[in-house]
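Listed below are the residues making up each chain.
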Amino acid sequence: MLDFPKWKIWTIAATLLAGLIFAMPNFVPASAWPEPLPQGQLNLGLDLRGGSHLMLEATADDVLKARLEALEETVRTELRIAEGGAIAFTDLSQGRDRVSLTVTNAADLDRALSVLRRVSTPVGGITGTRETEVSNNGPRITLQATQAGVALAVDSAMAQAVEVIRRRIDELGTREPNISRQGTNRIVVQVPGLQDPDAPKSLIGKTAKLELKLVDVDADPALVAEGRAPPGSQILPSIEGGTVVVKRRAIITGDQLIDSQVSTNENGQPAVSFRFDSTGGRRFAQATQATVGRPIAIILDNTVISAPSINEPILGGSGVISGSYTVATANELAILLRSGKLPVELKVVEERTVGPDLGADSIRAGAIASVLATIFVAVFMIITYGRFGVYSVVALIANGVLVMAIMSGLGATLTLPGIAGFVLTVGAAVDANVLINERIREELRRGRAVVGAVETGYREASRTIFDANVTNVIAAAIMFAFGSGPVKGFAVVLTIGIITSVFTAVTITRLMVACWLRSRPKSLVL
């Protein structure tokens with residue numbers, strides 16, 4: 001146990017040196033720290049740095065509506081490309097939780113049912129409950145969403161929404177935002193360092209659903225004034241005021257969008273240029289070729305942004321959205337389009353701003369608690385165990401450096417519960433040395449020789465230390481898996497601290513004891 005080959009000594013020394021290098025950026029000004037060396041620092045969470053907190057909520061009805069719209073388009077496509085030839089149908093419509101249609105030719109009914117049942121996939125990839133139940137009453141076919149299908153749609157929509165929100169917040173240039181799900185239909189967004197909650201809220205609150213639809217120039221103005229649209233059309237508000245009647249079916253959507261940037265229009269005013277991928281560009285070219293001379297509406301979140309006439313085919317797969325934009329609003333729209341559309345509308349149900357003064361107070365209180373805990377523990381260990389207590393204090397300092405180094409290297413976020421986790425690891429690290437030192441004392445009282453007592457003490461106590469810390473790591477892993485943001489922060493620091501404390505309390509102190517024993521008299525009092 002006390003035999004340390006040179007390679008092991010060098011490995012321990014290299015580990016401590018690497019830890020010191022990774023931790024130093026937290027103490028040294030960036031201008032004084034060489035560029036080739038690691039530059040990562042601890043990121044402070046919302047409760048320490050201050051910032052904005054938003055809680056967003058989606059309703060199952062909104063998710064179901066989006067699911068039915070996608071299902072309606074799928075039904076239309078699958079029946080058009082059905083094996084054996086297209087299946088004619090009429091009266092394709094949506095209800096509260098269903099999509100229904102009428103098969104024109106009774107001879108195609110069985111084939112239509114077969115096609116649409118393939119559209120309804122099993123929930124979770126298993127047989128039994130399906131996303132939609134397909135039934136018919138004569139030629140009328142109904143696809144009704146099941147409860148399991150709605151639950152799956154909500155889960156999928158919220159998971160996608162988290163990723164879209166993360167992309168949008170990252171575009172703001174903020175550092176380490178915390179974006180996590182809470183429950184089944186809520187998302188918590190915490191942006192440290194951002195004191196204006198309106199900035200993320202303006203980005204998050206929009207679904208950014210881009211569509212291009214034909215303007216229905218044949219609509220009866222009298223019916224439109226009464227709020228009645230012709231069959232196959234819909235009435236949408238215009239950003240310039242009034243309403244516009246457009247075809248219900250989109251020519252192309254923003255799903256094929258690959259880039260959007262702030263640009264200028266022909267008058268030099270701020271605008272937003274967009275570009276489709278190869279598939280979207282081809283569809284865009286085909287659509288503009290077929291609609292030369294007709295107006296086409298550019299729609300964002302069910303509001304008509306503009307409705308220019310197509311004078312000639314647009315073959316480059318790109319276009320420009322013009323309007324009453326400033327540079328800031330044009331940049332906001334470009335970010336929304338680049339990050340993709342939200343699968344469901346999210347409503348802000350809670351918002352608050354944490355000031356930097358409160359964060360500074362938290363840092364001060366946490367630092368005082370950590371320093372006092374370390375000092376009191378160090379004094380106790382030195383008084384109780386003498387030289388071996390000094391070794392424990394050295395290991396304690398090394399443990400703190402390694403914890404900070406690992407968190408800086410990983411880019412982890414330190415929160416107030418994380419500071420509590422660090423203070424807890426101080427006690428855990430010392431607890432390991434108490435077990436070792438007491439076991440050595442016990443062996444010396446039994447009359448065992450000095451070297452034998454130390455070897456036995458480290459060997460026997462190490463088993464207990466490893467067993468106890470494994471259970472702590474399991475508990476921390478469970479907290480991380482099922483806890484919210486602050487609980488996860490506590491679990492991360494606790495896990496890192498446990499791992500490093502075992503290394504410092506067992507390995508580093510053993511190395512120092514081994515070096516001392518080789519150079520000291522044979523008697524030992526502990």
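All figures in this text were calculated on a predicted structure; none of them were measured in a lab.

Rules and cut-offs
- Residues numbered from 1 in each chain as written.
- Predicted model: local features only at pLDDT ≥ 70, side-chain atom pairs only at ≥ 80, totals over all residues.
- Heavy atoms only, no water.
- Helix = DSSP H or I, 4+ residues; strand = E, 2+ residues; numbered from the N terminus.
- Rg over C-alpha atoms; globule rule 2.2 N^0.38 Å.
- Buried < 20%, exposed > 50% of the residue type's maximum accessible area, 1.4 Å probe, protein only.
- Contact = heavy atoms within 4.5 Å.
- Areas by Shrake-Rupley, 256 points an atom, 1.4 Å probe, with all protein chains shown as cover.
- Lys, Arg positive; Asp, Glu negative; His and termini not counted.
- Charge placed at Lys NZ, Arg CZ, Asp CG, Glu CD.
- Expected span 1.5 Å × (residues − 1).
- Arc of directions from axis to C-beta.
- Phe/Tyr/Trp six-rings, centres within 6.5 Å; stacked < 30°, edge-to-face > 60°.
- 1 Å grid on protein atoms, 1.4 Å probe; cavity = no way out; pocket = protein on both sides within 12 Å on 5 of 7 lines; lining within 4 Å.
- Points joined across faces, edges and corners; volume = space filled by probe spheres on them.
- Pairing = 2+ DSSP bridges.
- Axes fitted to C-alpha atoms, helices over the stretch in contact; angles between N-to-C directions.
- Salt bridge = Lys/Arg side-chain N within 4 Å of Asp/Glu carboxyl O.
- Core = buried A, V, L, I, M, F, W, Y, C linked by side-chain atoms within 4.5 Å.
- Nonpolar A, V, L, I, M, F, W, Y, C, P; charged D, E, K, R; others polar.
- Parallel < 35°, antiparallel > 145°, perpendicular 65-115°, else oblique.
- Left-handed = near helix turned anticlockwise from the far one by under 90°.

Caption draft 1: Summary view of the overall build of the chain. From N to C terminus, the chain includes 14 helices and 19 strands. At 33 Å, the chain has a C-alpha radius of gyration far larger than the 24 Å of a compact globule built from 526 residues. Overall, the chain is about 105 × 60 × 40 Å in size when its C-alpha atoms are taken along their principal axes. A buried classification covers 41% of the 526 residues belonging to the chain. Sequence-distant contacts in the chain: of pairs separated by 6 or more residues, those separated by 24 or more amount to 69%. Element-wise, carbon and sulfur atoms account for 58% of the exposed surface of the chain, whose accessible area totals about 26300 Å². Computing the positive centroid from 50 side-chain charges and the negative centroid from 49, the chain places the two 9 Å apart.

Caption draft 2: A look at unusual backbone geometry. For Asp91, which is not glycine, the phi torsion reads 55 degrees and is therefore positive. Inspection of the secondary structure assignment puts Asp91 in strand E3 (residues 89-94).

Caption draft 3: Structural context of helix H8 (residues 278-290). Between its first and last C-alpha, H8 extends 18 Å over 13 residues, near the 18 Å set by a 1.5 Å rise per residue. Residues of H8 that are buried: Gly280, Gly281, Phe284, Ala285, Ala287 and Thr288. When H8 is viewed along its axis, its buried side chains cluster within an angular range of 165 degrees and face the same direction. Along H8, the residues that are exposed and aim more than 90 degrees away from the buried face are Ser278 and Ala290. As for H8, its buried residues are in contact with strand E9 (210-214), strand E12 (252-253), strand E14 (270-276) and strand E17 (318-321).

Caption draft 4: Region of interest: the packing of aromatic side chains. As enumerated under the stated definition, the model contains 2 aromatic pairs in all. With a centroid separation of 6.0 Å and an interplanar angle of 85 degrees, the aromatic rings of Phe388 and Trp516 are classed as edge-to-face. On the criterion of sequence distance, the pair formed by Phe388 in helix H11 (residues 387-410) and Trp516 in helix H14 (residues 485-518) is long-range, its members being 128 residues apart. Within the aromatic cluster, the residues linked to one another by ring pairs are Phe388, Tyr391 and Trp516.

Caption draft 5: Fine view of the layout of surface pockets. The volume enclosed by the largest pocket comes to roughly 1600 Å³. Forming the walls of the largest pocket are 45 residues, and the residues nearest its centre are Ala66, Glu69, Ala70, Lys209 and Glu211. For the lining of the largest pocket, the elements supplying multiple residues, two or more each, are helix H3 (60-80), E3, helix H5 (147-171), E9 and E12. Broken down by element, the residue count for the lining of the largest pocket peaks at 10 residues, all from H3.

Caption draft 6: Highlighting the sheet that holds E17. Ordered by their spatial adjacency, 3 strands build an open sheet running E13-E14-E17, and the pairing between neighbours is antiparallel. Both outer strands of the open sheet, strand E13 (257-264) and E17, are each paired with one neighbouring strand and no more. Here the average twist between neighbouring strands, direction ignored, is 25 degrees.

Caption draft 7: Layout of the pattern of salt bridges. With the rule as written, the count across this model stands at 17 salt bridges. The salt bridge involving Arg98 is made with Asp97; its shortest N-O contact spans 3.1 Å. Connected through salt bridges with shared partners, the residues Arg439, Glu442, Glu443, Arg446 and Arg448 form a single ionic network.

Caption draft 8: Structural context of the nonpolar core. Counting 22 residues, the largest nonpolar core has Ile436, Ile465 and Val513 as its most contacted members. Residue assignment for this core shows that the elements contributing at least two residues are helix H10 (356-385), H11, helix H12 (416-445), helix H13 (450-482) and H14.

Caption draft 9: Structural view of empty space enclosed by the protein. Scanning the entire structure with this criterion turns up 1 cavity of 30 Å³ or more. By volume, the largest cavity is sized at about 50 Å³. Contributing to the lining of the largest cavity are Arg67, Leu68, Leu71, Glu131, Thr132, Ala145, Gly149, Val150 and Ala153. Mapped by element, the contributors of at least two residues to the lining of the largest cavity are H3 and H5. The class makeup of the residues in the lining of the largest cavity is 5 nonpolar, 2 polar and 2 charged.

Caption draft 10: Local environment of the environment of Ser202. Take Ser202: it is sitting in helix H6 (residues 198-204). In sequence terms Ser202 and Glu332 are 130 residues apart; their C-alpha atoms lie 8.4 Å from each other.

Caption draft 11: Structural context of the packing of H3 against helix H4 (residues 109-119). Between H3 and H4, the least distance of the axes is 10 Å, while the angle of their chain directions is 135 degrees. Here H3 is positioned oblique relative to H4, judged by the angle of their axes. Like other packed secondary-structure pairs, H3 and H4 cross with a definite hand, here right-handed. Counting all contacts with H3, which are made through Leu71, Thr74, Val75, Glu78 and Leu79, the residues of H4 involved are Ala112, Val115, Leu116 and Val119.

Caption draft 12: Spatial organisation of the environment of Ala161. By the element assignment, Ala161 lies in helix H5. The spatial distance from the C-alpha of Ala161 to the C-alpha of Ile204 is 9.5 Å, given a sequence separation of 43 residues. Beyond its immediate stretch of four places on either side in the chain, Ala161 contacts Ile187, Leu342, Pro343 and Leu346.

Caption draft 13: Focus on the sheet that holds E3. Pairing within the open sheet is antiparallel, and its 4 strands lie in the order E3-E4-E6-E5. Edge strands, defined here as strands with exactly one partner in the open sheet, are E3 and strand E5 (132-137). Adjacent strand axes in the sheet meet at a mean angle of 15 degrees when their direction is disregarded. Pairing geometry for strand E4 (residues 98-103) and strand E6 (residues 140-145), over 5 bridges, is antiparallel. Within the sheet, the bridge partner assigned to Val99 lies in E6 and is Leu143.

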